[in-house]
Amino acid sequence: MSDELRNKLKETTEFLKGKGVEKPEIGVILGSGLNDYADRMDNPLVIPYNDIPNMQAGKLSDHRGQLIYGSIAGKKVILLAGRFHYYENGDMQKTAYPARVLVALGVRRFIITNAAGCINENYSAGDLMLISDHINYSGANPLIGDNLDEFGPRFPDMTYTYNIELREALKKRAHEEGINLREGVYMMFSGPTFETPAEIRFARTAGADAVGMSTVPEAIIANHAGCEVIGISFLSNMAAGVLDQPLSGEEVTEAAKLVKRTFEKVVDMAIEI
Ligand code: HPA
């Protein structure tokens, strides 16, 4: 099993290197409704996932499905516009495969973004939240199976997954720019259902500030390989039962348009620091 994964990664990375993807430093994974950040890059090399060997994990919801390589703030960056969700394929290894590819290409900093439901009643829909820690409530883990020792240890420490120095630097920069950057714990449910109000009460009791269906698989893969991780949640809606109204997927994408500029600024800063 591990050799199969190694061979796949070799095939994918050799293809990308052949296309001109060289020594990327930073990987940015764009969440639901946040794909327009991809237009930020000068002279980008755009490679559709469909052209990349082993990078088709099924139908992507609300995502472009492109790997975009180029420079931002003088750093070599890969943007993943379109992520694979666990609820799309039921396979954590597939879900986290693009993160594995970034590690194999040499990426050392991951900026992982998502849209999330807001549990903390001191925060509001429309806020951006830096992830300080996570709760993996998906019931699965992308490292289940043979360990790839060349990536990292069998039992990775998760104490410092979301880099403290980078969080402090980012909060300082955001403050200087007048951006109200929240901070808190992200809890992953598998989806695709939104949570029930009882599940949200449970998540709040467990210490979660935000809830979503992504990010944790990629953060685990990055941390396993000793990479720096910055997690940014866009709080698109109050979580189920916080307000007396139903939730919808459209609400998430519509709300994202409103914070587009602030989101882009914060990601720029996360690349620059
Ligand atoms: N729950 C789970 N995932 C989400 C939500 C939510 O309320 N909003 C955006 N993604």
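Numbers given to residues run from 1 along each chain, matching the order in which its sequence is written. Totals for whole chains, interfaces and linings use every residue, but because this is a predicted model, local features are given only for residues with pLDDT of at least 70 and side-chain atom pairs only at 80 or more, for both listing and counting. Remark: hydrogens and water are excluded; side-chain values derive from all non-hydrogen atoms of the structure.

**Thoughts on the pattern of salt bridges**
Point 1. Only one rule defines a salt bridge in this text: a Lys or Arg side-chain nitrogen within 4 Å of an Asp or Glu carboxyl oxygen. For the structure shown, the criterion picks out 19 salt bridges.
Point 2. For K172, the salt bridge is made with E176, and the minimal N-O distance between the two is 3.5 Å. Here K172 and its partner E176 are both found in helix α5 (residues 164-176), four residues apart, which amounts to about one turn of the helix. Residues K172 and E176 agree in their burial class; the two are exposed.
Point 3. Between R173 and E272 there is a salt bridge, with the nearest N and O atoms lying 3.3 Å from each other. Secondary structure follows DSSP: runs of H or I at least 4 residues long count as helices, runs of E at least 2 residues long count as strands, and numbering of each begins at the N terminus. Remark: exposure states derive from per-residue accessible area (1.4 Å probe, protein chains only) relative to the maximum for the residue type, with buried under 20%, exposed over 50%, and partly exposed in between.

**Here's the deal with the environment of Y186**
Point 1. Relative to the helices and strands, Y186 is located in strand β7 (residues 181-188).
Point 2. Taking the C-alpha atoms as reference points, Y186 and N54, 132 residues apart in sequence, are found 29 Å from one another.
Point 3. For the purposes of these results, a polar contact is taken to be a pair of N or O atoms within 3.5 Å, where, inside protein, one atom must be able to donate a hydrogen and its partner to accept one; residues adjacent in sequence count only when each atom of the pair is a side-chain atom. Here the side chain of Y186 touches S214 through a polar contact of 3.0 Å, landing on its backbone nitrogen.

**Some remarks on the site of the ligand**
Point 1. Nearness here has a simple test: a residue counts as near a molecule or strand if at least one of its heavy atoms is within 4 Å of that partner. The environment of the ligand is formed by A115, A116, G117, F194, E195, V211, G212, M213, S236, N237, L247 and V252.
Point 2. Between E195 and the ligand, the recorded distance is 2.8 Å, taken from a side-chain N or O atom to a nitrogen atom.
Point 3. Only the protein chains shown count as cover for residues, and the accessible areas themselves come from Shrake-Rupley with a 1.4 Å probe. The protein chains hide 95% of the 260 Å² of surface that the ligand would expose on its own.
Point 4. Mapped by element, the contributors of at least two residues to the shell around the ligand are β5 (109-118), β8 (210-212) and β9 (228-238).
Point 5. By residue number, the principal contributor to the shell around the ligand is β5, which donates three residues.
Point 6. In this count, Pro and Cys sit with the nonpolar residues alongside Ala, Val, Leu, Ile, Met, Phe, Trp and Tyr, while Asp, Glu, Lys and Arg are called charged and the others, Gly among them, polar. For the shell around the ligand, the per-class residue count stands at seven nonpolar, four polar and one charged.

**So, helix α8 (residues 249-258)**
Point 1. Of all the positions in α8, only V252, A255 and A256 are classed as buried. Relative to the axis of α8, the buried residues are bounded by an arc of 110 degrees and lie together on one face. Seen from the open side of α8, the exposed residues pointing more than 90 degrees away from its buried face are E250, K257 and L258.
Point 2. In this structure, the buried residues of α8 make contact with β5, β9 and α9 (260-272). The arc in question is the one traced by the directions running from the helix axis out to the C-beta atoms. Any two residues whose heavy atoms approach within 4.5 Å are treated as being in contact.

**Let's talk about the pairing of strand β1 (residues 26-30)**
Point 1. Burial analysis of β1 places five of its five residues in the buried class, which makes it a mostly covered element.
Point 2. A two-sided burial pattern is seen for β1, the buried positions comprising I26, V28 and L30 on one face and G27 and I29 on the other.
Point 3. Here β1 runs beside strand β4 (residues 75-81); their pairing, made up of five bridges, is parallel. Residue pairing in the sheet places I26 in a bridge with V77 of β4.
Point 4. The pairing of β1 with β5 spans four bridges and is parallel. Looking across to β5, one finds that G27 is bridged to F110. Whether two strands pair comes down to DSSP finding at least two bridges between them.

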